[in-house]
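Report on the structure
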Amino acid sequence: MKVLLCGINSQYVHSNLAIRYLKAYVKDIIGENLTCDIREFTINERKEKILEDIITEEPDLVVFSTYIWNGEYVRALSRLIKAVDENIKILYGGPEVSYESENFFKNNPGEFLIEGEGEETFREFFLHLKGEMKIDEIKGLYHKKNNGEIIYNGPRDAMDMNKIVFPYSDDDDLQHKIVYYEASRGCPFNCKYCLSATLKKLRFLNVERVKKELKYLCDKGVHLVKFVDRTFNSDRVFSRELWTYLSELDTDTKFHFEISADLLKDEDIEILKKAPKDRFQFEVGVQSTDIAVLKNINRVAEFSQIADNVRKVKACGNIMQHLDLIAGLPGEDFETFKRSFNDVYDIRPDEIQLGFLKLIKGSPLREEAEKWEMKYSPYQPYEILQTKHISYRELLKLKKIEAMVNKYYNSGKFENIIKFFEDKFETPFDFYYELGMFFENQGYFNRNISSKDYYKVFLEFNDNIVKEKMYILKEIVKYDYLLFNKKRHIPEFLNRLNDKKFMNESKEYVKNNYPDIDRNSITIEKYEIDILSFIHNGKIVEKESYLLYDIKNNEIIDITKGLKKEGII
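Since we're looking at a predicted model, the values are computed, not measured. (Residues numbered from 1 in each chain as written. Predicted model: local features only at pLDDT ≥ 70, side-chain atom pairs only at ≥ 80, totals over all residues. Heavy atoms only, no water.)

1. Quick notes on the packing of helix H2 (residues 47-56) against helix H3 (residues 71-84)
For any two helices packed against each other, the geometry comes down to the angle between their axes and how far apart the axes lie. Stated precisely, the cut-off is as follows: Note on definitions: angles span 0 to 180 degrees between N-to-C directions of axes, and those axes are lines fitted to C-alpha atoms, for helices only across the stretch in contact. Counting from the N terminus, the helices are DSSP H or I runs at least four residues long and the strands are E runs at least two residues long. An angle below 35 degrees is read as roughly parallel, one above 145 as roughly antiparallel, one from 65 to 115 as roughly perpendicular, and any other as oblique. Left-handed describes a crossing in which the near helix is turned anticlockwise from the far one by less than a right angle; the clockwise case is right-handed. For this analysis, residues touch if any pair of their heavy atoms sits within 4.5 Å.
Remark: H2 packs on H3, axes separated minimally by 10 Å, with the N-to-C direction vectors making an angle of 50°. Put simply, H2 runs oblique to H3. As H2 packs across H3, the resulting crossing turns out to be right-handed. Of the residues in H3, those in contact with Lys47, Ile50, Leu51, Ile54 and Ile55 of H2 are Tyr73, Ala76, Leu77, Leu80, Ile81 and Val84.

Have a look at this one:
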């Protein structure tokens, strides 16, 4: 019998942790007559192509790992598989089918469904396939009889984390990929929007085992290890030991952790200071800064403590921080969300994520939907549409702001342009709101625009909305454009320097004064303002400046004084 474990990932660079766990947990009982293979796909591939690949494998049983972001895809594939060959059996697992399981099972093709943690249930199911265990004895399993009757064998207790088998092997090509890793299961908190509120038991792997496994991933050349732990630093002894260990490793691998910033202590900060630059990335769930809203979702963290610790980590200068907000929470209206956004923005983290509430199956908040007059999509990912505190149209406005923050703030490629505009508005929220509305009114959300046009938009925005001195803005836009675009060609909508005599003389100056710089990989640009004065301290001084862009070494040099001394300008 051939079992095919299928992971439908969101991107090619991702690896599916769940199906690897399953295969690793049964590897000692796989044999000639019972095989188990893995195939991974992405939601960006055509369903018909994935179907072809699955059918070509000639499996007897297809196993799907199911989540809110691939659930509809999995349902469609299951129907296609059955249309081609109704003898192929299907087993579902994952969070999307672990709640309201019988309803899902009843309305979709398939013969088996695993509820909750899958490793031990899947192993016993394999023993059943070998004829060594009765199917009715397998806890955590739903199965269908020939007449369609659904049988549930009852819940399974949480497993000992240290029984889990390390899911990656020498056969996996993990170089330059994003790999998911789990050092703990469960969460000490009970946030109502999260499934962790239903999982009371917090469990950890042995810390020495974790070190060994992470070293293995580093040696395999993994680009990024993303810990799926709900709150990595919930046990300070555990997190400190691992942060210390990973800081001292000789590796280029990066590590991403979801942490509770309010739990950080001075000892943690001292450890984190010693980490190599960009070794760690932190994701911090703020969700809201409004005390009443936080109380409605069982959040106990004080934003002031979060802000203080995020600033302390930021001061270390070596760790990227990503802060999350959730729109549509109970009690959160447009104005309180605006305050939350401005509170978080004031910290200036590396990234800000504006998420929208998902009322996922099994979460306590889904059960309170009627209380808060929450309307949400019946389709995955069950996103909020409106509540009694915030309307559908207001959420649409926040979507526009989300798009602007993602493109302009989070990319880091428009930092100085943003700085120019921010003080022209009462709050940062107002800036992103007006920019988002401008995008909408110009129709930019409905068509693809080029990378250079994302810069040009600011000139149009200024001309129509802000009405500041255009020539000053153009110089700032030009600086950011040249800083982040390897092709140093300046678009036609910006001021360009076309004086051939000047260019020849200035390149000769560079040859004589910067002999180590390749003159074939440089650009020299004139600015109508002291551009570096604005970059470094935000001051606009209206006097000419000249910058040398060393493309090969990615270096910028102010050569204004040198050119004056030589009489070139």
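2. Description of the sheet that holds strand S15 (residues 351-356)
Spelled out, the test is: Only strands that DSSP links by at least two bridges are regarded as paired with each other.
The strand order S8-S11-S12-S13-S14-S15 describes an open sheet built from six strands, whose pairing is parallel. Two strands in the sheet have a free side with no partner beyond their single neighbour: strand S8 (178-181) and S15. Neighbour-to-neighbour, the strand axes of this sheet turn through a mean angle of 25°, independent of strand direction. Of the pairings in the sheet, the one linking strand S11 (residues 224-227) to strand S12 (residues 254-259) comprises three bridges and is parallel in character. Across the sheet, Leu224 pairs through a bridge with Lys254, a residue of S12.

3. Focus on the sheet that holds strand S5 (residues 112-114)
Taken in spatial order, the seven strands of this open sheet run S2-S1-S3-S4-S5-S6-S7, and their pairing is mixed. Looking at which strands have only one partner, the edges of the open sheet turn out to be strand S2 (35-42) and strand S7 (150-152). Each strand axis lies, on average, 20° off the axis of its neighbour in the sheet, ignoring direction.

4. Details of helix H18 (residues 500-513)
This is how the line gets drawn: How far a helix is expected to stretch is found by multiplying one less than its residue total by 1.5 Å. Relative accessible area decides the class of each residue, using a 1.4 Å probe on protein chains only: under 20% of the type maximum gives buried, over 50% gives exposed, and in between gives partly exposed. This arc describes the spread of directions from the helix axis toward the C-beta atoms. Pairs of N or O atoms within 3.5 Å make up the polar contacts considered here, provided that, within protein, one atom can donate a hydrogen while the other can accept it, and that residues adjacent in sequence are counted only when both atoms are side-chain atoms.
In a regular helix each residue adds 1.5 Å, so 14 residues correspond to 20 Å; H18 covers 20 Å between its end C-alpha atoms and thus fits that length. For H18, the complete set of buried residues consists of Phe502, Ser506, Tyr509 and Val510. When H18 is viewed along its axis, its buried side chains cluster within an angular range of 100° and face the same direction. Looking at H18, the residues exposed on the side facing more than 90 degrees away from the buried face are Lys500, Lys501, Asn504 and Asn512. The inward-facing, buried residues of H18 contact strand S18 (522-527), strand S19 (545-550) and helix H20 (560-565). Capping the start of H18 is the job of one residue whose side-chain oxygen sits 3.1 Å from the backbone nitrogen of Lys501: Asp499.

5. Comments concerning the pattern of salt bridges
Short version of the rule: Salt bridges are defined by distance alone: a side-chain nitrogen of Lys or Arg within 4 Å of a carboxyl oxygen of Asp or Glu.
Using the criterion set out here, one finds 44 salt bridges in the structure. For Asp37, the salt bridge is made with Lys2, and the minimal N-O distance between the two is 3.9 Å. Taken together, the residues span a long stretch of sequence, with Asp37 in strand S2 and Lys2 in strand S1 (residues 2-9) at a distance of 35 residues. According to the relative accessible area criterion, Asp37 is partly exposed, its value standing at 30%. A residue is classified by how much of its surface remains accessible, and Lys2, at 18% relative accessible area, is buried. Note that Glu528 and Lys526 form a salt bridge whose closest N and O atoms lie 3.9 Å from each other. Salt bridges here are not isolated pairs; linked through shared partners, they connect Lys2, Asp37, Arg39, Lys49, Asp53 and Glu57.

6. Looking at the environment of Gly362
Along the polypeptide, Gly362 turns up in the loop between S15 and helix H12 (364-367). With relative accessibility at 24%, the residue Gly362 sits in the partly exposed group. Considering only alpha carbons, one finds Gly362 and Glu102, 260 residues apart in sequence, at a separation of 13 Å.

7. A closer look at the nonpolar core
Looking at soluble globular proteins, one finds that nonpolar side chains tend to be buried together. Counted only if it meets this: By nonpolar core is meant a set of buried Ala, Val, Leu, Ile, Met, Phe, Trp, Tyr and Cys residues that side-chain atoms within 4.5 Å join together.
If you look at the biggest cluster of nonpolar residues, it comprises 121 residues, and the most contacted ones within it are Tyr181, Leu217, Trp243, Phe257, Phe280, Leu398 and Tyr432. Those residues in contact with Tyr432 that lie beyond four places of it in its chain are Phe341, Tyr345, Ile401, Met404, Val405, Tyr409 and Ile418. Counting residues in each nonpolar core, the second largest holds 22 residues, with Phe41, Phe64, Val97 and Phe104 among its members.

8. Remarks on unusual backbone geometry
Put simply, Gln380 and Pro381 share a cis peptide bond, and its omega is 10°. In this structure, Pro381 sits in the loop between strand S16 (375-376) and strand S17 (384-386). Located in the positive-phi region is Asn298, a residue other than glycine, with phi close to 65°. When you line up the elements, Asn298 lands in the loop between helix H9 (291-296) and helix H10 (303-316). Accessibility expressed as a relative area gives 36% for Asn298, which makes it partly exposed. Although it is not a glycine, Asn554 sits at a positive phi angle of roughly 55°. Checked against the element boundaries, Asn554 lands in the loop between S19 and strand S20 (555-558).

9. Digging into the environment of Lys375
Structurally, the position occupied by Lys375 is in strand S16. Taking the C-alpha atoms as reference points, Lys375 and Ser15, separated by 360 residues in sequence, lie 34 Å from one another. In contact with Lys375, other than residues within four places in its own chain, are Ile384, Leu385 and Gln386.

10. Some details on the packing of aromatic side chains
Let me state the cut-off plainly: Only Phe, Tyr and Trp rings take part, Trp by its six-membered ring, and two of them pair if their centres are within 6.5 Å. Stacked means planes under 30 degrees apart, edge-to-face means over 60, and tilted covers everything else. Ring-over charges, as used throughout, are those where CZ of Arg or NZ of Lys falls within 6 Å of the ring centre and within 35 degrees of the ring normal.
Scanning the model with the defined rule gives 45 aromatic pairs in all. Residues Phe166 and Tyr216 carry aromatic rings whose centres are separated by 5.5 Å and whose planes lie at 90° to one another, so their mutual orientation is edge-to-face. A residue pair is termed long-range when its members are at least 10 positions apart, and Phe166 in the loop between S7 and S8 and Tyr216 in helix H6 (residues 207-219) qualify at 50 residues. Judged by its relative accessible area of 22%, Tyr216 falls in the partly exposed class. Positioned above the aromatic ring of Phe356, the side-chain terminus of Lys399 is 4.3 Å from the ring centre. Residue placement shows Lys478 over the ring face of Tyr527; its charged tip is 4.7 Å from the ring centre.

11. Considering the state of the cysteines
We apply this condition: When the sulfur atoms of two cysteines come within 2.5 Å, that pair is taken as a disulfide.
Enumeration according to the criterion identifies zero disulfides in this entry. The cysteine Cys187 is free of any disulfide, with Cys191 supplying the nearest cysteine sulfur at 6.4 Å. Judged by relative accessible area, Cys191 falls into the buried class, the value being 9%.

These figures capture arrangement, not role.
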